[in-house]
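# Structure assessment
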Amino acid sequence: ADVKIGFVVKQPEEPWFQDEWKFADQAAKEKGFTLVKIGAEDGEKLMSAIDNLGAQGVQGFVVCTPDVKLGPGIVAKAAANNLKLMTVDDRLVGADGKPLEDVPHMGISATKIGEAVGQAIVDEMKARGWNADEVGAIRVSYDQLPTAVDRVEGAISVLKKNGFKASNIFDAPQAKTDTEAALNAATVVLNAHPNIKKWVAFGLNDEAALGAVRASESVGIPATNMIGVGIGGADSAINEFKKPQPTGFVGSVIISPKRHGYETSLNMYGWIADNKEPEKLILTSGSLAKRDDYQKVRKDLGLE
Amino acid sequence: MHTSLKKVLLGEQGLVVIFVLAFALVSLLVPNFLTERNMLGLLQSVVTVGIVACTMMFCLAARDFDLSVGSNVAFAGMVAVMASNATGSILLGLLAALACGAVVGAANGVVIAKFRINALITTLATMQIVRGLALIASDGRAVGINDPNFYQLALSKLLGVPTPIWVLILLFVAFGFGLNRTVFGKNTLAVGGNPEASRLAGVNVDMTRIWIFALQGLTCAVAGILLASRITSGQPNAAVGLELSVISACVLGGVSLDGGRATMSGVIVGVLIMGIAENVMNLLNIPAFYQYIVRGVILLIAVLLDNLRSSALGRR
Amino acid sequence: MHTSLKKVLLGEQGLVVIFVLAFALVSLLVPNFLTERNMLGLLQSVVTVGIVACTMMFCLAARDFDLSVGSNVAFAGMVAVMASNATGSILLGLLAALACGAVVGAANGVVIAKFRINALITTLATMQIVRGLALIASDGRAVGINDPNFYQLALSKLLGVPTPIWVLILLFVAFGFGLNRTVFGKNTLAVGGNPEASRLAGVNVDMTRIWIFALQGLTCAVAGILLASRITSGQPNAAVGLELSVISACVLGGVSLDGGRATMSGVIVGVLIMGIAENVMNLLNIPAFYQYIVRGVILLIAVLLDNLRSSALGRR
Amino acid sequence: MSFLEFSEISKSYPGVRALSGVSFGVEKGAVHGLMGENGAGKSTLIRILSGDQNADSGEIRIDDRAQHYHSTRDAFHAGVIVIHQELQLVPELTVAENLRLGRFPSNGGVIQARRMFADVGDKLKAAGIDIDPGRKIKTLSIGERQMVEIAKAMMLDARVIALDEPTSSLSSRESEILFSLIDRLRAEGKVILYISHRMDEVFRLCDSLTVLRDGKLAAHHPHLAGVTRDQVVAEMVGREISNVWGWRGRPAGEVRLKVEGVAGDKLRLPAGFEARAGEILGFFGLIGAGRSELMRLVFGADPRWAGTVHVDGKAVAASDPHHAIRSGVVLCSEDRKYDGIIQGRSIEENINISSRRHNARLGLLDRKQEADTAETFIRKLKIRTPSRKQDVVNLSGGNQQKVILARWLAEQGIGTLIVDEPTRGIDVGAKSEIYEILYQLAESGMAIVVISSELPEVMGICDRIHVMCEGRIRAELTRDRFNEREILAAALPDKSVPAAIAS
Ligand SMILES: Nc1ncnc2c1ncn2[C@@H]1O[C@H](COP(=O)(O)OP(=O)(O)OP(=O)(O)O)[C@@H](O)[C@H]1O
Ligand SMILES: Nc1ncnc2c1ncn2[C@@H]1O[C@H](COP(=O)(O)OP(=O)(O)OP(=O)(O)O)[C@@H](O)[C@H]1O
Ligand SMILES: O[C@@H]1[C@@H](O)[C@@H](O)CO[C@H]1O
Ligand SMILES: [Mg+2]
Ligand SMILES: [Mg+2]
């Protein structure tokens, strides 16, 4: 029979998921199965999406859930529709908060990415010869999103381990997850501490770090006194590296949408077509990309 | 024959007729659409919007506005889950959720009716406050359900149809009846149609508005409970943007933002149109970015058709 | 003394006076608030909302509604960047963006005025369609700016004040003047006050509405251009939810949703209150979840104060 | 002590003292007239009686019991029914629902619809009001709506009934129905307060009369025997008005407005007429005769299906009023609340909205000119207001009407002025000022078309009259041939003239 696979993601507008879809499509073309792509921004839409997949005669699907706590619901819904289930990016948890280990997953822990960001910042500080005591850190936060909390906390843990004082870390809560909101929130922090001359910044993604970098520019902090590190490595970050002059946006931790999109759907195909059950857990890692090496890093990840 | 067709199309129920025609067309053209599975899935997908639309219809008919419904749905869902977990009793959890929803709604009503604060601002404020409460209560994270029986609210079936759909149908019937056949419903339409005249006629305008908002809160709670059961957790970020979907469904269904005009059949059609659009776009695998455009165009066509219909009727 | 104080508080400009008092209070109590840097930062943070509010004021005053502003801002920003990149000329890019913005706005206006489709539905539809276009045009990705001179739009300063703030002030003055001193402004208010009476009084109601929407599109384009320059790229996801912020600022500033009532000073105060609230909450380091609550409460207090004021005045 | 007693009632609005120390009493079984200039405080007094507004001081007693209302509901329970000056109906609800609003017959909250419709239908029939209780208000004409308003008073068991200018949008036939109803209520021993600017009606109906002036009691007549109309006019306006109409002859010139075969949605039969420079042309008819509909077609306010309109030889586009205005014809419409005043805006803006296009330069307002125009008309038409900046909704009904009239009288460079019920709700004093302005405009060469349902008015001021009936122009009479019987005969659908009107 024809193989039909669903690929459901939580934020279809985000480049990251566009890329995942793109690579999943590539797998579909190679193996000759049909890929059904649906965006589901919240739990309710996700439940409907699964019903919809069932109605279309899909045999299995890969999902990046809007919330990991939806775990039991997703599992039940998939079972009710007789669908095979795999997760990508974010791992489902049960009511007790423990991962649902039965569901095959490919992803990367949010805390780990955050730690990579923190490490990148610390390395850059060392390279510039900064003294942690005279540096301020902007935590561009979006606490409404659990993943976002885990990421920034990961970064902070590394900073602290390397001698950063908690009192030098300032919260810049963004009202939305776009660059403008991060820019406005970071501006307030910078203006509230005019005596601090050197800054580092991080957040949930590239947009958050970029907002903070833009804020530093607008209040006249030179690029040499700013270190922003983002997460994602898609066009927002690349545009920044392409600028003729280096900016305070030093690097981005790239995670590979290729593996996440291509391999997951390939695995799902194998599961359906050849009854080859995928590995329960595959963890990928993030790689830091900077102005001078981003092309190489992307090539290594299979993105160019 | 020709004139009687015209009569049906242009009559009060013209929107319904247009809808039926469109539905038939979609059933023929879109594969997998008219299957029992898909129909049930479709209906389940409009449960939240449909339930909340019942009372939003009253709200708009009374020339009011409620932006806080999304937050209230999320909040009530959280309360249901957390109270169930805390007390160990699902029933207590549900009662707590209903009470919280109604209190939030009534608070909206009191502020709007008694302090005469603009409904848009008031409910925008409660939208923020209630969302904040939901986030604070759960520290921004979803709360899992301890007692798996809670899932049965959404999973159980009667005559092969899931409970939430029955609840939706029940509310459609109840509020449809309420609008046309009860003193409360007529007062609502009167308050929206001419507040001054209603006041002078001795209608207790303030109490009518407060009741409408309280009911709105109550249906939000019902929707929130079913949603929590369906997604097997209380989620503080649930139902963001719900207000716009609900208001659009109502307006699409012919409810006037200037108050005084509303029909339940129209609202049902509005809700279904929006649900079908989403369903069909996914069945046809329309790419995400193009879905935006299709959604916009469908909205426009739906109201345009209805306008043509009623201006052909010379009503305008 | 006492009566003249009362007069000032209760007069037309009462909202402004309340605002000034609140501002003074905040300046005293919140450290780092009243610094030149923070003031400039604050003003820059309200540029987008402020610019769009200028024309939203007209829109609401004419009893209309525009939900498409957020999408239009993003779209125009994208167009500015992409057209600049494609032609190599920033000027051409800006003109293209302004043209696109105005065309989207005018299209809204034509559909609403000529086809008589409800403004809420129409602009909800264009909100989706235009966002879809922005996403499709860029394949959902941020588009970088080739010519660094583009950044200067937002970074350059005049007398120590960044250009966007000057643009904002200019638009405040222009539209404030436009509302009170021009035939167009008075027609707008009249159309909102009583559309039928205005039509019979010879006001070209349709053209007035179309113009308002076209202008709305134009200011969205201005805001979109400045935003793109500020964030040094065109982002298809920018300005989501802008419509609610802008409408709230207007309503907070005393613009009536029932049309016919609006003042520029009120809108400016509304915009500033919202900006200051965000600014101060961050200065005081209020945790994100509590910010929701504070935001809601501030909204309520602001309108409540204004209501007390005007009911003390016996206006109601 | 009378059955209904007002004692020392005072009420102020910002800048206006609407009532000061008004005291008088009304007996059971009496119809008591309340007269006074526009803005004298009549409606305010009625609003206080209905519980809609609170007096600043003073007291109302009914049957020797002091009344303390907190809402209109309380007043209703005390047996007070008020028919307000502005129609208070809900357009989307039916006649029966409107008549029962606030007191639906219900069973546990469920409306007993069949009972309600039957009951209301019976009562309407008994009152001689021929309107289907199941029709929605929005499908009724103004006149029919007014009858529905009046029916409210008949529906309910009231002790005190106050009617605020109930006949202002009725023609003589409906008025007669109303009068017979009022006679019946009087016979039942109710107290009836009756406000009107029509002297004839007051003398025909009332047993006693109070005159208000500037919010104060100007005169109280326990009996009307021996009281003359001139005396009441003098008490109202503080001066004698010898001849309200003041008609004077003028030569008619060229044809300025030429209407041929126009028809539309609500006026299906083609109709045509001409109006000449210097002429005042009257249109008389019963309610629903189609006069307003005809003029709305001429003006492009409603879409025209057929026919042509020429102003000074130039064709007028059918699509929208602003074309008509630019061609030199303006229409002052009949429904001041629905399509007349612009709520929430000042008197000054309401007056200048149309004529400002002559003064504005490059789209900028000429504020001085606008202020001058407003002040001029406030003075000329005696618009009672603390300032030209006053929101127009705060004016009394008659003063709002004057504002709308001023909007059109302020027009310059206009060839034809059409006024629909121009003096509805306007006091005698102001009426004669308005007529004088119309004469002056005619003398300056304008063609003037007046629609009026008041026969004395059309006969008093017009040079020529068209009589309409059921959408057709049935008769044309020139001033030398004006004849009440003939006009009424042409206005009535059936040839027989009922005795009540022909008297
Ligand atoms: N809400 C209000 N605010 C301010 N002034 C008001 C208000 N209502 C009435 N007034 C003023 O009170 C005065 C009395 O008004 P009222 O309506 O009682 O007059 P009236 O005698 O009924 O006149 P008319 O014959 O024109 O109906 C008027 O000067 C009017 O402008
Ligand atoms: N909304 C409506 N729909 C259908 N018919 C209407 C509507 N409004 C008015 N009519 C009809 O139009 C005619 C004129 O109504 P109306 O009572 O407004 O006229 P009028 O102004 O009192 O009298 P005239 O037309 O002579 O000026 C009536 O036959 C009435 O039934
Ligand atoms: O939401 C994030 C997305 O932005 C991308 O970074 C992959 O991981 C998801 O959790
Ligand atoms: Mg009056
Ligand atoms: Mg008429």
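Residues numbered from 1 in each chain as written. Chains lettered and ligands numbered in written order. Predicted model: local features only at pLDDT ≥ 70, side-chain atom pairs only at ≥ 80, totals over all residues. Heavy atoms only, no water.

### Quick notes on the coordination of the magnesium ion (ligand 5)
Residues and elements named next belong to chain D.
- Ligation of the magnesium ion (ligand 5) by protein atoms is provided by Ser292 (OG) and Glu334 (OE), these donors lying 1.8 to 2.5 Å from the ion. Linking serine 292 in helix α9 (residues 291–299) with glutamate 334 in the loop between β18 (329–332) and α11 (336–339), this pair joins segments that are 42 residues apart in sequence.
- With a relative accessible area of 8%, serine 292 lands in the buried category. (Donors = N, O, S within 2.8 Å, 3.2 Å for Na, K, Ca; no water. Helix = DSSP H or I, 4+ residues; strand = E, 2+ residues; numbered from the N terminus. Buried < 20%, exposed > 50% of the residue type's maximum accessible area, 1.4 Å probe, protein only.)

### A closer look at the relation of the copies chain C and chain B
- If you rotate chain C by 180° and push it 0.1 Å along the axis, it lands on chain B with an RMSD of 0.1 Å. Overall, the copies show the geometry of a two-fold rotation axis. Of the C-alpha atoms belonging to chain C, the one lying closest to the rotation axis is found on aspartate 258 of chain C, 4.3 Å away.
- When the interface residues of chain C are mapped onto chain B, 100% of them are again interface residues, pointing to one common binding face. (Least-squares fit on C-alpha atoms with pLDDT ≥ 70 in both. Contact = heavy atoms within 4.5 Å.)

### Examining the confidence of the model for chain B
- Within chain B, residue pLDDT values average 90, and 93% of them lie at 70 or more.
- Taken over the whole predicted complex, pTM reads 0.92, whereas the ipTM for its chain interfaces reads 0.90. (pLDDT = per-residue confidence, 0-100.)

### Comments concerning the sheet that holds strand β12 (residues 216–221) of chain D
All names here are of chain D.
- The strand order β6-β9-β10-β3-β11-β12 describes an open sheet built from six strands, whose pairing is mixed. Each of the sheet's edge strands pairs with one partner strand only, and the pair in question is β6 (80–83) and β12. Across the sheet, the mean angle separating the axes of adjacent strands is 15° when strand polarity is ignored.
- With five bridges joining them, strand β9 (residues 160–164) and strand β10 (residues 191–195) adopt parallel strand pairing. Bridge pairing in β10 links aspartate 164 to isoleucine 195.
- The sheet strands contacting helix α6 (residues 172–187) are β3 (30–36), β9 and β10, and the helix crosses β10 at an angle near 150°. (Pairing = 2+ DSSP bridges. Axes fitted to C-alpha atoms, helices over the stretch in contact; angles between N-to-C directions.)

### With respect to the site of ligand 3
Residue and element names in this part refer to chain A.
- Taken together, the residues surrounding ligand 3 are Lys10, Gln11, Glu14, Trp16, Asp89, Asp90, Arg151 and Ile255.
- Within the side chain of glutamate 14, a nitrogen or oxygen atom sits 2.7 Å from an oxygen atom of ligand 3.
- In this structure, an oxygen atom belonging to ligand 3 sits 3.0 Å away from a side-chain N or O atom of aspartate 90.
- Relative to its unbound accessible area of 270 Å², ligand 3 is 93% covered by the protein chains. (Near = heavy atom within 4 Å. Polar contact = N/O pair within 3.5 Å; in protein donor to acceptor, adjacent residues only side chain to side chain. Areas by Shrake-Rupley, 256 points an atom, 1.4 Å probe, with all protein chains shown as cover.)

### Remarks on a nonpolar patch on the surface
- On the surface, Phe115 of chain B together with Val297, Ile301, Leu304, Leu305 and Leu308 of chain C cluster together into a nonpolar patch covering about 500 Å² of accessible area.
- With respect to the secondary-structure elements, leucine 308 of chain C resides in helix α15 (residues 288–312). (Patch = residues over 30% accessible without salt bridge, like charges linked within 9 Å, V, L, I, M, F, W, Y side chains within 5 Å. Salt bridge = Lys/Arg side-chain N within 4 Å of Asp/Glu carboxyl O.)

### Describing the interface of chain C and chain B
- Of the residues lining the interface, 41 residues belong to chain C; the matching set on chain B comes to 41 residues.
- Between chain C and chain B, the buried area comes to about 3,600 Å², and carbon and sulfur atoms account for 82% of it.
- Remark: the boundary between chain C and chain B carries zero salt bridges.
- There are two residue pairs in polar contact (both at pLDDT 80 or more) connecting chain C and chain B.
- Broken down by secondary-structure element, the contributors of at least two residues to the side of chain C that touches chain B are α7 (119–138), α13 (242–252) and α15 of chain C.
- In terms of residue class, the side of chain C that touches chain B is made up of 28 nonpolar, eight polar and five charged. (Buried area = accessible area lost by both parts, 1.4 Å probe. Nonpolar A, V, L, I, M, F, W, Y, C, P; charged D, E, K, R; others polar.)

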